[in-house]
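Take a look at the letters that make up each chain.
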Amino acid sequence: MAGAMLECWIESGVVAANTVDVVNRHDRTLPGHVRQARTLPDGPPPDLVMLGMKPQQLDEIVVTHGAVIAQAPLLVSILAGVEETTLAERFPGPAIVRAMPNLPVALGKGVVVLHGKAAPQSAKDAVAALMAPLGLVEWTDDEAMYGAMGTLEGCGPAFLFRFIDALAAAGEALGIPGDQAARLALATVDGAAAMAASSDASPAKLADRVASPGGSTRQGLNVLDRDDALVKLMTETLAAAERRGREMAAEAKR
């Protein structure tokens with residue numbers, strides 16, 4: 001995810017590649033002129049540090065890089081489940097903003113939810129400007145709400161990918177060749193999402209516009225709407241993902 005964000009930042013020009021240092025365990029393919037190493041560079045502290053490793057590696061990062069990170073004025077964390085207070089305990093000093101992006105940020109069509117209740121407005125403004133090229137940026141001062149919002153947009157693309165596969169599989173069950181069903185399902189979702197994004201009408205109203213009374217679309221919607229079947233399924237799905245997020249937060253505090 002951090003790599004996807006970096007690519008978009010450099011492509012948009014909001015960040016110059018030669019100003020970025022990536023600290024990782026092994027070299028990876030990165031945009032040209034991005035420096036990568038095993039330690040943070042010597043000299044003045046960086047203007048901003050972003051944590052993009054696995055949450056389970058947090059204490060390891062504290063040991064190896066904590067002293068330098070603590071000198072930075074701004075720390076952005078995309079670590080799922082690691083709360084603001086946990087980060088402040090590990091890295092006293094910098095203003096802290098949590099960010100939850102989703103994968104389409106690589107295309108500049110993602111969503112980033114931000115939380116930094118204790119951060120000064122200047123830090124929030126700097127992070128908002130940094131995230132703007134990635135797509136829709138939403139703030140919340142409620143960290144519990146941040147977790148819920150992050151579940152919806154952060155996990156949502158995976159659930160939508162599953163829906164596309166399911167739509168294709170359902171088409172194949174009607175006798176459509178598998179490769180054609182896959183193309184039809186993907187293009188249908190792509191076009192419908194673009195229409196929903198550009199319309200003043202809600203998705204619910206758009207669905208009703210497609211569904212003529214007594215027509216085939218209406219019959220299909222009746223299945224999805226029966227006993228709120230689709231809403232219940234998605235609620236259960238998001239609840240399971242959010243529950244795991246809370247578990248990871250508890251684990252990070254230990």
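Residues numbered from 1 in each chain as written. Predicted model: local features only at pLDDT ≥ 70, side-chain atom pairs only at ≥ 80, totals over all residues. Heavy atoms only, no water.

Enquirer: How do you make sense of the sheet that holds strand E6 (residues 110–115) when you look at a structure like this?
Expert: Pairing between the strands of a sheet comes from backbone hydrogen bonds, and it takes one of two forms, parallel or antiparallel. Taken together, five strands build an open sheet; the order of strands is E3-E4-E5-E6-E7 and the sheet is mixed. The strands lining the two open edges of the sheet, one partner per strand, are strand E3 (49–51) and strand E7 (135–139). The mean inter-strand angle of the sheet, taken between neighbouring strand axes irrespective of direction, is 25°. Each of strand E4 (74–77), strand E5 (95–101), E6 and E7 touches helix H4 (residues 121–131); the most contacted strand, E4, lies at about 50° to it. (Pairing = 2+ DSSP bridges. Helix = DSSP H or I, 4+ residues; strand = E, 2+ residues; numbered from the N terminus. Axes fitted to C-alpha atoms, helices over the stretch in contact; angles between N-to-C directions. Contact = heavy atoms within 4.5 Å.)

Enquirer: Explain the side chain of Asn24 to me, please; I cannot follow it from the model alone.
Expert: In this fold, Asn24 is placed in the loop between strand E1 (21–23) and strand E2 (35–37). Residue class for Asn24 comes out buried when judged on its relative accessible area of 16%. With residues near it in sequence (within four places) discarded, Asn24 still touches Gln36, Ala37 and Arg38. (Buried < 20%, exposed > 50% of the residue type's maximum accessible area, 1.4 Å probe, protein only.)

Enquirer: Is there a simple way to think about the side chain of Glu84 in this case?
Expert: Mapped onto the secondary structure, Glu84 falls in helix H3 (residues 84–90). One buried charged residue, Glu84, remains without a salt bridge, the closest side chain of opposite sign being Arg98 at 7.3 Å. Within the structure, the side chain of Glu84 is placed 3.0 Å from the side chain of His115, a separation counted as a polar contact. What Glu84 contacts, discounting residues up to four positions off in sequence, is Ile96, Arg98, His115, Gly116, Lys117, Ala118, Ala119 and Glu143. (Lys, Arg positive; Asp, Glu negative; His and termini not counted. Salt bridge = Lys/Arg side-chain N within 4 Å of Asp/Glu carboxyl O. Polar contact = N/O pair within 3.5 Å; in protein donor to acceptor, adjacent residues only side chain to side chain.)

Enquirer: Honestly, the environment of Pro55 in this entry has me stumped. Any pointers?
Expert: Here Pro55 shows up in the loop between E3 and helix H2 (58–69). In this structure Pro55 comes out as partly exposed when scored by relative accessible area, which is 22%. Sequence separation of Pro55 and Ala252 is 197 residues, and the distance between their C-alpha atoms is 7.2 Å. Setting aside chain neighbours within four positions, we find Pro55 in contact with Leu79, Ala80 and Val82.

Enquirer: Can you walk me through the confidence of the model for the chain in this structure?
Expert: Detailed reading of the predicted coordinates is not advisable wherever pLDDT is low. For the chain, mean pLDDT is 94; residues scoring 70 or higher make up 100% of the total. Ranking the elements of the chain by mean pLDDT puts E2 last, at 89, and E4 first, at 98. (pLDDT = per-residue confidence, 0-100.)

Enquirer: For this particular structure, what's the right way to read unusual backbone geometry?
Expert: Note: most peptide bonds trans; most residues except glycine with negative phi. Residues other than glycine seldom take positive phi values, yet Asp227 does so here, at roughly 55°. Following the sequence through the fold, Asp227 ends up in the loop between helix H8 (216–225) and helix H9 (229–253). You will see that Asp228, though not glycine, has its phi angle at about 55°, which is positive. By the secondary structure assignment, Asp228 is in the loop between H8 and H9.

Enquirer: What exactly am I supposed to notice about the pattern of salt bridges here?
Expert: A side chain of one charge can pair with a side chain of the opposite charge when the charged atoms of the two come close. In the structure shown here, the tally under the stated rule is 12 salt bridges. A salt bridge links Arg90 to Asp59, with the shortest nitrogen-to-oxygen separation between them at 2.8 Å. Separated by 31 residues along the polypeptide, Arg90 in helix H3 and Asp59 in helix H2 bring together distant segments of the chain. Classification of Asp59 as partly exposed rests on a relative accessible area of 39%.

Enquirer: Just to check I follow, could you spell out the packing of helix H5 (residues 143–173) against H9 for this structure?
Expert: To describe two helices that pack against each other, one gives the angle between their axes and the distance between the axes. Where H5 contacts H9, the axes come no closer than 9 Å and their chain directions differ by 115°. H9 is crossed by H5, and the crossing has right-handed handedness. Contacts between H5 and H9 pair Ala144, Gly147, Ala148, Thr151, Leu152, Cys155 and Phe159 from the former with Met234, Thr237, Leu238, Ala241 and Glu242 from the latter. Split by residue class, the contact of H5 with H9 holds eight nonpolar, three polar and one charged. (Left-handed = near helix turned anticlockwise from the far one by under 90°. Nonpolar A, V, L, I, M, F, W, Y, C, P; charged D, E, K, R; others polar.)

Enquirer: Would you take a moment to explain the layout of surface pockets for this structure?
Expert: A water-sized probe, rolled over the atoms, reveals where empty space remains. Taken as a whole, the second largest pocket holds about 1600 Å³ of empty space. Asp21, Val22, Val23, Met50 and Gly52 are, among the 42 residues lining the second largest pocket, the residues nearest its centre. Looking at the lining of the second largest pocket, the elements that each hand over two or more residues are helix H1 (2–12), E1, E3 and H2. Ranked by residue count, the leading element in the lining of the second largest pocket is H2, at five residues. (1 Å grid on protein atoms, 1.4 Å probe; cavity = no way out; pocket = protein on both sides within 12 Å on 5 of 7 lines; lining within 4 Å. Points joined across faces, edges and corners; volume = space filled by probe spheres on them.)

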